[in-house]
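Letter by letter, the chains look like this.
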Amino acid sequence: MIKVLKSGLFSTIQDKGRFGYGAFGVPKSGTMDLYSAKLANTLLGNAATDAVLEITMTGPKLKFEVESYIVICGADISPSINGEMIQNNKVYSILKGDIIEFGKLKSGLRTYMAVKGGFKTEIVLGSQSYYKPITINDSITKGDVLSFNALTTKSKPSKLFSKLKLIDFSSEIINVFKGPEFELLSNLQKDQLKSAQFMVSKLYNRMAYQLSPLINNDLKSILTGPVLPGTVQLTPSGQLIVLMRDCQTTGGYPRVLQLTESAINLLSQKKERDILTFNLIEFP
Amino acid sequence: MKHNLKYRQFNERSILIEWPSIIDKNMLHDVLNFKNILLNNYIKLKVYVINTYNSILISYPSTIEDVYGEITHLKTIYSSVESQNSMKLKLWEVPVCYDDEFGTDLETLSITKSLSKSEIIHRHSQQIYTVFFIGFLPGFLYLGGLDKSLHFDRKFIPNLNTQKGAVGIGGNQTGIYPQNSPGGWHIIGNSPISFFNSKKENPCFAKAGDKIKFLPVSREEYHSILKQVASNSYKPKSISI
């Protein structure tokens, strides 16, 4: 198990999320950048959807009470073991008493730390993903204990990965499909969505990213309908809201675009003031 | 009655099916009928289906390889099914205390609508409401059937913290907040019972298609029910319909 010595900004346990509870109004949740989380698990030889620690921007200080192996993927926030810098996307052996810390954010926004065998925290409605009030906690805090299974074998995970495919977090291209209400937009609005640059506003979290600037809009609200992570809503005031993994299951704003799965991963690594443009693609 | 439905891909692994954009009890029956048949048809493949007033969203376990083939398949299912009456629906009695302590916007509503508070309470609690779907928050029931004289536009500036159990009116809708939350509805009372329990495999007692009737209770009864809820000895009352 791991003891949380300092909480950092906002870290949560996440797995693939809650499936099958949407009809009760329960958000999916799950890792924001699914690709990086999966990579961390794969490098350790874990199941792709084992629970990992999702760290946002400023990392926690963690003490390992038992030995294990770890991999850190996603955003580079200068990780270290006992003060010695380590690299992302590599397997490290951890001894009892080792302390993991993080430093300066160098790229991306969200970092994933996987432990051998995955975290074994409380399962609520089929998932370990933190989402208050479905789960008691909304993030880890000082003094928390995060459990995982002890090593069953001392052999280091030895999968060989010659070419790692990593996401380029600096890419500004967000691939999107037309949303259900796309055709209600004026030609001017369609052109604007296809060519204008947008910026992540200061309002962005696991639930949604609001973009700036506003666009001209006189489309009214719609009859409340289903939404998904990656749905781009347009409010009557012209605000574009990109729904993310913790989003509601239904919404009443026109759904003008829909991010691809990999675009959600990329946007998850963007923060305030980051630039993006939408690239409209057809369904394969 | 068969409707002319629109089918479209929503993302890599979801298909959206849409009925006409209206709120209608009879149409809801058609939506839920199709939803149940889909769930029975796909029992082996793990698909997830949610409905709203006029939509069904089907989420598949992986990327849909042949969308046109799948949509054709769905259309065939819809055109060949008979209307079923096998849904086991219930009418739930939901206790609400409309005391001024909880009904913080009753006064405003009473003045604006030129109706006495007791008349508002009467009109709100005599209706039988239909649960169209659950969304917005875990356990938030979208109810249809609010008396026209009680329709009231949402607040221009939402409350930052509407209390768990708050019973509100927003536009032509009424509902109960299952947890503390920001909210733009006018609050007329509070229900002591829980609408969501994450410890249960079936976390909400009510489901789409069920009916709800509000039962006005005194402050004493309210606190007595609240105690029973806290000690897990309260069971929501219902009859089959």
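Bear in mind the structure is a predicted one, so any value in this text is a computation, not a measurement. (Residues numbered from 1 in each chain as written. Chains lettered and ligands numbered in written order. Predicted model: local features only at pLDDT ≥ 70, side-chain atom pairs only at ≥ 80, totals over all residues.)

Caption draft 1: Layout of the overall build of chain B. Within chain B one finds five helices and 14 strands. Computed over the C-alpha atoms, the radius of gyration of chain B is 20 Å, within 12% of the 18 Å expected from 2.2 N^0.38 for a compact globule of 241 residues. Projected onto the principal axes, the alpha-carbon positions of chain B cover approximately 60 × 40 × 35 Å. Relative to its full complement of 241 residues, chain B shows a buried share of 35%. (Helix = DSSP H or I, 4+ residues; strand = E, 2+ residues; numbered from the N terminus. Rg over C-alpha atoms; globule rule 2.2 N^0.38 Å. Buried ≥ 20, exposed ≤ 12 C-beta atoms within 10 Å, placed from the backbone.)

Caption draft 2: A look at the sheet that holds strand β2 (residues 10-14) of chain A. Residue and element names in this part refer to chain A. If you walk across this open sheet you meet the five strands as β2-β3-β10-β5-β8, and the pairing is antiparallel. Strands with a single pairing partner mark the edges of an open sheet, and in this sheet they are β2 and β8 (92-94). The mean angle between the axes of side-by-side strands here comes to 30°, regardless of whether they run parallel or antiparallel. With six bridges connecting them, strand β5 (residues 68-76) and strand β10 (residues 107-115) associate as antiparallel partners. Looking across to β10, one finds that I70 is bridged to V115. Helix-sheet contacts for helix α1 (residues 34-44) involve β2, β3 (52-56), β5 and β10, and the interaxial angle to β5 is about 155°. (Pairing = 2+ DSSP bridges. Axes fitted to C-alpha atoms, helices over the stretch in contact; angles between N-to-C directions. Contact = placed C-beta atoms within 7 Å.)

Caption draft 3: Spotlight on the domain arrangement of chain B. All names here are of chain B. According to the domain assignment, chain B consists of domain 1 (6-80) and domain 2 (90-240). Inter-centroid distance (C-alpha atoms) of domain 1 to domain 2 is 30 Å. The interface of domain 1 with domain 2 comprises seven residues on the first partner and seven residues on the second. Sort the elements by how many residues they give to the side of domain 1 that touches domain 2 and helix α1 (residues 25-41) lands first, with three residues. Split by residue class, the side of domain 1 that touches domain 2 holds four nonpolar, two polar and one charged. (Domains from an automatic or database assignment. Nonpolar A, V, L, I, M, F, W, Y, C, P; charged D, E, K, R; others polar.)

Caption draft 4: Structural detail: the nonpolar core. The biggest cluster of nonpolar side chains holds 127 residues, and the ones touching the most others in it are A:A40, A:V52, A:A114, A:V242 and B:L141. Residues contacting A:A40, with those up to four places away along its chain left out, are A:V52, A:V71, A:I72, A:C73, A:Y112 and A:A114. (Core = buried A, V, L, I, M, F, W, Y, C linked by C-beta atoms within 7 Å.)

Caption draft 5: Fine view of the sheet that holds strand β3 (residues 48-51) of chain B. All names here are of chain B. Strand order in the open sheet made by the four strands is β1-β2-β4-β3, with antiparallel pairing throughout. The strands lining the two open edges of the sheet, one partner per strand, are β1 (6-11) and β3. Strand-to-strand twist of the sheet, defined as the mean angle between neighbouring strand axes without regard to direction, takes the value 20°. In this structure, strand β2 (residues 14-18) lies alongside strand β4 (residues 55-59), joined through five bridges in antiparallel fashion. Bridged to S14 within β4 is S59.

Caption draft 6: Looking closely at unusual backbone geometry. Of the consecutive residues A:K132 and A:P133, the connecting peptide bond is found in the cis state with omega at 5°. Cis peptide bonds are those with omega within 30 degrees of zero, and the linkage from A:S212 to A:P213 qualifies with 0°. Mapped onto the elements, A:P213 comes out in the loop between β14 (208-212) and β15 (225-226). Despite not being glycine, A:N89 shows a phi value in the positive range, around 65°. The topology assignment puts A:N89 in the loop between β7 (84-85) and β8. Looking at A:N89, the number of C-beta atoms within 10 Å reads 16, which means it is partly exposed. With a phi angle near 60°, B:N232 is a residue other than glycine that sits in the positive phi range. Along the polypeptide, B:N232 turns up in the loop between α5 (219-230) and β14 (237-240). Take B:N232: there are 10 C-beta atoms within 10 Å of it, and that puts it in the exposed class.

Caption draft 7: Broad picture of the confidence of the model for chain B. Across chain B, pLDDT averages 93, with 98% of residues at or above 70. The complex prediction reports pTM at 0.94, with the ipTM value standing at 0.93. (pLDDT = per-residue confidence, 0-100.)

Caption draft 8: Representation of the pairing of strand β13 (residues 211-216) of chain B. Pairing analysis gives six bridges linking strand β5 (residues 90-96) of chain B to β13(B), with the strands arranged parallel. Note that in β13(B) the partner of B:V96 across the bridge is B:P216.

Caption draft 9: The arrangement of the domain arrangement of chain A in detail. Residue and element names in this part refer to chain A. Looking at the assigned domains, one finds that chain A contains domain 1 (2-146) and domain 2 (173-280). Here the C-alpha centre of domain 2 lies 27 Å away from the C-alpha centre of domain 1. Listed by partner, the interface residues are 16 residues for domain 1 and 14 residues for domain 2. Breaking the side of domain 1 that touches domain 2 down by element, the ones donating at least two residues are α1 and β10. Among the elements that make up the side of domain 1 that touches domain 2, the one with the highest residue count is β10 (three residues). Class assignment for the residues of the side of domain 1 that touches domain 2 results in seven nonpolar, six polar and three charged.

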